[in-house]
Amino acid sequence: MKIRPYARSDAKVLTSLIRALARYEKLKPPDAAASRRLIADIGRRIRVFMAEIDGVCVGYAIYLFTYSSFLARPTLYLEDVFVLPEHRRGGIGGKFFEALLREGRREKCGRMEWVVLDWNTPAHRFYRKLGAKLLDDWNTYRLIF
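Before going into details, it helps to say that this report is about the structure given with it.

So, how was this worked out
Residues numbered from 1 in each chain as written. Predicted model: local features only at pLDDT ≥ 70, side-chain atom pairs only at ≥ 80, totals over all residues. Heavy atoms only, no water. Helix = DSSP H or I, 4+ residues; strand = E, 2+ residues; numbered from the N terminus. Rg over C-alpha atoms; globule rule 2.2 N^0.38 Å. Buried < 20%, exposed > 50% of the residue type's maximum accessible area, 1.4 Å probe, protein only. Contact = heavy atoms within 4.5 Å. Areas by Shrake-Rupley, 256 points an atom, 1.4 Å probe, with all protein chains shown as cover. Arc of directions from axis to C-beta. Pairing = 2+ DSSP bridges. Right-handed = clockwise from strand over helix to strand, strands pointing away.

1. Here's the deal with the overall build of the chain
And step 1. The helix and strand inventory of the chain stands at 4 helices and 5 strands.
And step 2. Listed by position from the N terminus, the elements making up the chain come as β-α-α-β-β-β-α-β-α.
And step 3. A compact globule built from 145 residues should have a C-alpha radius of gyration of about 15 Å, and the chain, at 15 Å, falls within 12% of that.
And step 4. In terms of overall dimensions, the chain has a C-alpha envelope of 40 × 35 × 30 Å along the principal axes.
And step 5. Taking all 145 residues of the chain together, 34% fall into the buried category.
And step 6. Of the contacts formed within the chain by residues at least 6 apart in sequence, a portion of 61% connects residues at least 24 apart.
And step 7. For the chain, the exposed surface amounts to about 10,300 Å²; the carbon and sulfur share of it is 54%.

2. Some remarks on the environment of Arg 37
And step 1. With respect to the helices, strands and loops of the structure, Arg 37 is situated in helix α2 (residues 32–41).
And step 2. In this structure Arg 37 comes out as exposed when scored by relative accessible area, which is 51%.
And step 3. Sequence separation between Arg 37 and Asp 80 is 43 residues; the distance between their C-alpha atoms is 16 Å.

3. Structural notes on helix α4 (residues 121–130)
And step 1. All of the buried residues in α4 are Ala 123, His 124 and Tyr 127. Projected down its long axis, α4 carries its buried residues within an arc of 100 degrees, all on one side. Those residues of α4 that are exposed and angled more than 90 degrees off the buried face are Arg 128 and Lys 129.
And step 2. On its buried side, α4 packs onto β4 (73–83) and α3 (92–106).

4. Comments concerning the pairing of β4
And step 1. In the sheet, strand β3 (residues 56–68) pairs with β4 via 10 bridges, with the strands oriented antiparallel. When the sheet's bridge partners are listed, Tyr 60 is paired in β4 with Phe 82.
And step 2. Linking β3 to β4, which pair antiparallel, is a turn of 4 residues; within it Ala 72 sits at a positive phi near 55 degrees.
And step 3. Crossover β4 to strand β5 (residues 111–113) through α3 is right-handed.

5. A short note on the side chain of Ser 35
And step 1. Mapped onto the fold, Ser 35 is located in helix α2.
And step 2. Accessibility expressed as a relative area gives 14% for Ser 35, which makes it buried.
And step 3. Setting aside residues up to four positions removed in sequence, Ser 35 forms contacts with Thr 15 and Pro 30.

Note that every value here comes from positions in space, so none of it alone points to a role or purpose.
Pasting the structure below:
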């Protein structure tokens, strides 16, 4: 098992994994146009790690950088982290976070942040086990353009 940067040849499997995440989260998956935009944004606006077992991609993590005015440092923002259900509990999630933390340190980030659906108790347990803190006093708001 290894975590590696996205390669152009991963486009089809990445979009398949994103559709699998949408099914898991009971959300509408990206349409073809959105999938094309996402692939075009890799390396420009977003970065991607892929999890591979015996040459087969079984998970991905999409991240980008925002900025903390109070720390005066970038923040590594984790947009998605997903591992196919049949490959969970094998250490892939931990390896993703190790790679993300290395990337954040390399970029001199002051912190790493992400959001989690409230019903996803396995994810909450996993993040607490990593030492992550749930920010009770912050709420996420969204405006759709």
